[in-house]
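Coordinates in review
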Amino acid sequence: MNRGPTESGLGWIADAYSTSFTLTLSEGLSPHELLRRVGAEERHMVLLTRSAAYELLLRDEEDHISDLDFLDWEDEAAVAQLTSAGFLPAPPDTIVRAGSVAGWAYALEEFHCHTGTYLAALSERGRAFCVHRNAKSFSRVDYACRGNVVTSFEPGLPHLSNGVPAEVALGFVDDGAELGDVAFLRFLEGELGIYLPCEETEAELPAAAFT
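Every value quoted in this text rests on a predicted model; they were computed, and no experiment measured them. (Residues numbered from 1 in each chain as written. Predicted model: local features only at pLDDT ≥ 70, side-chain atom pairs only at ≥ 80, totals over all residues. Heavy atoms only, no water.)

Inspection of the entire model under this criterion finds 9 aromatic pairs. Measuring from ring centre to ring centre gives 6.0 Å for Tyr54 and Phe111, while their planes differ by 40 degrees; the resulting arrangement is tilted. Remark: Phe111 occurs in the loop between strand S4 (104–109) and helix H5 (119–122) and Tyr54 occurs in helix H3 (residues 50–58); sequence separation between them is 57 residues. Overall, Phe111 belongs to the partly exposed group, its relative accessible area being 25%. Ring centres of Phe129 and Tyr143 lie 4.9 Å apart, and the angle between their planes is 25 degrees; this geometry places the pair in the stacked category. Here Phe129, found in strand S5 (residues 127–133), pairs with Tyr143, found in strand S6 (residues 139–145); they are 14 residues apart in sequence, far enough to count as distant. This pair shows no difference in class: Phe129 is buried, exactly as Tyr143 is. Chaining the aromatic ring pairs together yields one cluster made of Trp104, Phe129, Tyr143, Phe153, Phe172, Phe184 and Phe187. When the ring centre of Tyr17 is taken as origin, the NZ or CZ atom of Arg50, which lies over that ring, is 3.7 Å away. (Phe/Tyr/Trp six-rings, centres within 6.5 Å; stacked < 30°, edge-to-face > 60°. Helix = DSSP H or I, 4+ residues; strand = E, 2+ residues; numbered from the N terminus. Buried < 20%, exposed > 50% of the residue type's maximum accessible area, 1.4 Å probe, protein only. Lys NZ or Arg CZ within 6 Å of the ring centre and 35° of its normal.)

Across the protein, pLDDT averages 90, with 94% of residues at or above 70. Under a pLDDT of 50 for its full length, residues 1–7 has, in the predicted model, 11 contacts with residues more than four places off or in other chains. (pLDDT = per-residue confidence, 0-100. Contact = heavy atoms within 4.5 Å.)

The subject of this paragraph is the pattern of salt bridges. Throughout the structure, instances matching the rule amount to 8 salt bridges. Notably, a salt bridge pairs Arg36 with Glu42, separated by 2.5 Å at the nearest N-O pair. Members of the salt-bridge network, linked through shared partners, are Arg50, Glu110 and Glu202. (Salt bridge = Lys/Arg side-chain N within 4 Å of Asp/Glu carboxyl O.)

Residue Leu88 is joined to Pro89 through a cis peptide bond whose omega torsion reads -5 degrees. If you trace the backbone, Pro89 turns up in the loop between helix H4 (76–84) and strand S3 (94–101). Even without being a glycine, Ser137 presents a positive backbone phi close to 65 degrees. Among the structural elements, Ser137 can be located in the loop between S5 and S6.

Counting across every chain of the model gives 0 disulfides. Looking at Cys113, it has no disulfide partner, and the nearest cysteine sulfur is the one in Cys130, 3.7 Å off. Given a relative accessible area of 0%, Cys130 falls into the buried group. (Disulfide = S-S within 2.5 Å.)

A turn of α-helix holds 3.6 residues, and therefore any two residues three or four places apart point the same way. Look at helix H7 (residues 180–192): 18 Å from first C-alpha to last across 13 residues, which is about the 18 Å you get at 1.5 Å a residue. Counting buried positions over the 13 residues of H7 gives 10, a clear majority of the element. If you check which residues of H7 are buried, you get Gly180, Asp181, Val182, Ala183, Phe184, Leu185, Phe187, Leu188, Glu189 and Leu192. On its buried side, H7 packs onto helix H1 (13–16), strand S1 (21–27), S4, S5, S6 and strand S7 (148–154). (Expected span 1.5 Å × (residues − 1).)

Mapped onto the elements of the fold, Arg59 is located in the loop between H3 and H4. The side chain of Arg59 sits in the buried core without any salt bridge; Asp63 is the nearest counter-charge, 5.3 Å away. Within polar-contact distance, the side chain of Arg59 engages the backbone oxygen of Pro89 at 2.4 Å. What Arg59 contacts, discounting residues up to four positions off in sequence, is His64, Ile65, Leu68, Leu88, Pro89 and Pro91. (Lys, Arg positive; Asp, Glu negative; His and termini not counted. Polar contact = N/O pair within 3.5 Å; in protein donor to acceptor, adjacent residues only side chain to side chain.)

Rendered as structure tokens:
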């Protein structure tokens, strides 16, 4: 598979989201279906860039909305939409942004792992993966298929696995050559043939706020 000039694999995500991140992949779903399955209402989904979501997550409730660079605070309709959807006035606990690539829906979270709780539901049409790294650099991979969680493991630490061992369930073996979550992202890239453009994940994507 030849990559286009703006295509990237998946390994870059661990660098772009260096503090903490969650990438979730769900086979056969649309972005809106993914968001609905993790608890979002259609009427509360809004289009947000990554930078806009980041601003909303890091603001204090006491901050004036005019401090938000992406928002025209005098646009009453836009402010009302963000408020009714739970993005304002208090910052949400997490924001899930979702897109699609090559028959898969993907979701990205900046700090938390809301989507991981719903992995079984996200796998009802096929497979679903969740790769999470927290702020202490602890990483976890969960895999579900056809509504059942198959395995949950920390790359490089097989004794911390639950369910079917990763090498049996997925054929993944961590050789220790790089960080475990990066190794698994590169493994997924090769196994699934997914090349997710970084530019796409930075642009506007359907998003939902969760508290």
